[in-house]
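Listed below are the residues making up each chain.
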Amino acid sequence: FEHLVIDSGSTDGTVDILDEYPELDYISEPDNGIYDALNKGLKLSEGNLIGWLNADDKYAKGAFDSFVNAYQQNPTCNLVAGDCSTFITTENGEQEVSRRRFSSPESFEKGKVDHSGTILNTCLLTADLINRVGLFDDNFQIGGDRDYLIRIAASQPKLTRIDELVYKY
């Protein structure tokens, strides 16, 4: 597994924390927004299955095992997707607010993007799919992830859906 952290040159102590984890690779420099930062990470990534998180999100326990197992069972797929949980942190820990399943593979492979169920961060994409779709359009300030998802769907990927929680938003 490869972990890359793209930091926009924050001054909140992030780099000090990252320096405590020599197994992490990171860049800390100004960027032109989230999509520029994501593109930096995509360009640096050397893996075959690639995903990303935003600063306040996380993968569910066991998500990587689920992703890898699904991919190994379906090695011709180029996108593996699971379910998403929206949570809040309370004094008692995490509280799930909602849970959403990723769109049906059949619909997505035909180019349909379901607004309420197609969540890009629940996916790992193959490097080949990313090369085919290209990078994020960093002219967007918001909505660039939706644009990217539509471009992925338009490429008619072969999707494998995991019926498990993989991503926490």
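Our subject is the structure listed above.
Visitor: Whenever I open this one, the layout of surface pockets confuses me. Can you help?
Guide: For the largest pocket, the calculated volume is near 1,200 Å³. Forming the boundary of the largest pocket are 34 residues, of which Leu4, Val5, Gly51, Trp52 and Leu53 lie nearest the centre. When residues of the lining of the largest pocket are traced back to their parent elements, those giving at least two are β1 (4–7), α2 (34–44), β3 (49–50), β4 (58–59) and α3 (63–73). Here the element with the most residues in the lining of the largest pocket is α2; it accounts for five residues. Classifying every residue of the lining of the largest pocket gives 19 nonpolar, nine polar and six charged.

Visitor: Sorry if this is basic, but what is going on with the pairing of strand β2 (residues 25–28) here?
Guide: Along any regular strand, the residues point their side chains to alternate faces of the sheet. In this sheet, β2 lies alongside β1 in parallel orientation, the contact comprising four bridges. Bridge pairing in β2 links Asp7 to Ser28. In this fold, the crossover linking β1 to β2 by way of helix α1 (residues 14–19) has right-handed handedness.

Visitor: How should the side chain of Asn121 be read in this particular structure?
Guide: Among the secondary structure elements, Asn121 is positioned in the loop between α4 (105–109) and β7 (123–126). In terms of polar contacts, Asn121 uses its side chain to reach the backbone carbonyl oxygen of Trp52, at 3.0 Å. Ignoring anything within four residues of it in the chain, the contact list for Asn121 reads Trp52, Leu53, Asn54, Tyr59 and Tyr167.

Visitor: Can you walk me through the environment of His3 in this structure?
Guide: Here His3 lies in the segment before β1. Overall, the relative accessible area of 37% leaves His3 in the partly exposed class.

Visitor: Just to check I follow, could you spell out the pattern of salt bridges for this structure?
Guide: Between side chains of opposite charge, a pair can form when the charged atoms approach closely. Under the criterion given, the structure shown has eight salt bridges. Between Glu94 and Lys58 there is a salt bridge, with its nearest N and O atoms 2.1 Å apart. Taken together, the residues span a long stretch of sequence, with Glu94 in strand β6 (residues 93–100) and Lys58 in strand β4 at a distance of 36 residues. Classification of Lys58 as partly exposed rests on a relative accessible area of 34%. Of the charged contacts, one joins Lys168 and Glu94 as a salt bridge, the two residues approaching to 2.8 Å between their closest N and O atoms. Linking Lys168 in strand β8 (residues 159–168) with Glu94 in strand β6, this pair joins segments that are 74 residues apart in sequence. By sharing partners, the salt bridges in this structure join Asp83, Arg101, Arg161 and Asp163 into a single network.

Visitor: How should the side chain of Thr126 be read in this particular structure?
Guide: With respect to the secondary-structure elements, Thr126 resides in strand β7. For Thr126, the contacting residues outside a window of four places in its chain are Asn48, Leu49, Tyr71, Cys77 and Asn78.

Visitor: Looking at this model, I keep getting lost on unusual backbone geometry. Mind explaining?
Guide: If a residue is not glycine, its phi is most likely negative; likewise, a peptide bond is most likely trans. Despite not being glycine, Gln156 has its phi angle at roughly 55 degrees, a positive value. Position of Gln156 among the secondary structure elements: in the loop between α6 (144–154) and β8.

Visitor: So what exactly am I meant to see when it comes to the nonpolar core here?
Guide: Proteins that are soluble and globular tend to have nonpolar side chains buried together. The biggest cluster of nonpolar side chains holds 21 residues, and the ones touching the most others in it are Trp52, Leu79, Phe108, Leu125, Phe136, Tyr148 and Ile152. Elements represented by at least two residues in this core include exactly α2, β5 (79–90), β7, α5 (127–133) and α6. The element that contributes the greatest number of residues to this core is α6, accounting for four residues. Once you skip the residues sitting within four places of it in the chain, Leu125 turns out to touch Asn48, Leu49, Ile50, Trp52, Asn78, Leu79, Ile130, Tyr148 and Ile152. Ranked by size, the runner-up nonpolar core spans 13 residues in total, among them Tyr59, Ala70, Ile162 and Val166.

Cut-offs and rules
Residues numbered from 1 in each chain as written. Predicted model: local features only at pLDDT ≥ 70, side-chain atom pairs only at ≥ 80, totals over all residues. Heavy atoms only, no water. 1 Å grid on protein atoms, 1.4 Å probe; cavity = no way out; pocket = protein on both sides within 12 Å on 5 of 7 lines; lining within 4 Å. Points joined across faces, edges and corners; volume = space filled by probe spheres on them. Helix = DSSP H or I, 4+ residues; strand = E, 2+ residues; numbered from the N terminus. Nonpolar A, V, L, I, M, F, W, Y, C, P; charged D, E, K, R; others polar. Pairing = 2+ DSSP bridges. Right-handed = clockwise from strand over helix to strand, strands pointing away. Polar contact = N/O pair within 3.5 Å; in protein donor to acceptor, adjacent residues only side chain to side chain. Contact = heavy atoms within 4.5 Å. Buried < 20%, exposed > 50% of the residue type's maximum accessible area, 1.4 Å probe, protein only. Salt bridge = Lys/Arg side-chain N within 4 Å of Asp/Glu carboxyl O. Core = buried A, V, L, I, M, F, W, Y, C linked by side-chain atoms within 4.5 Å.

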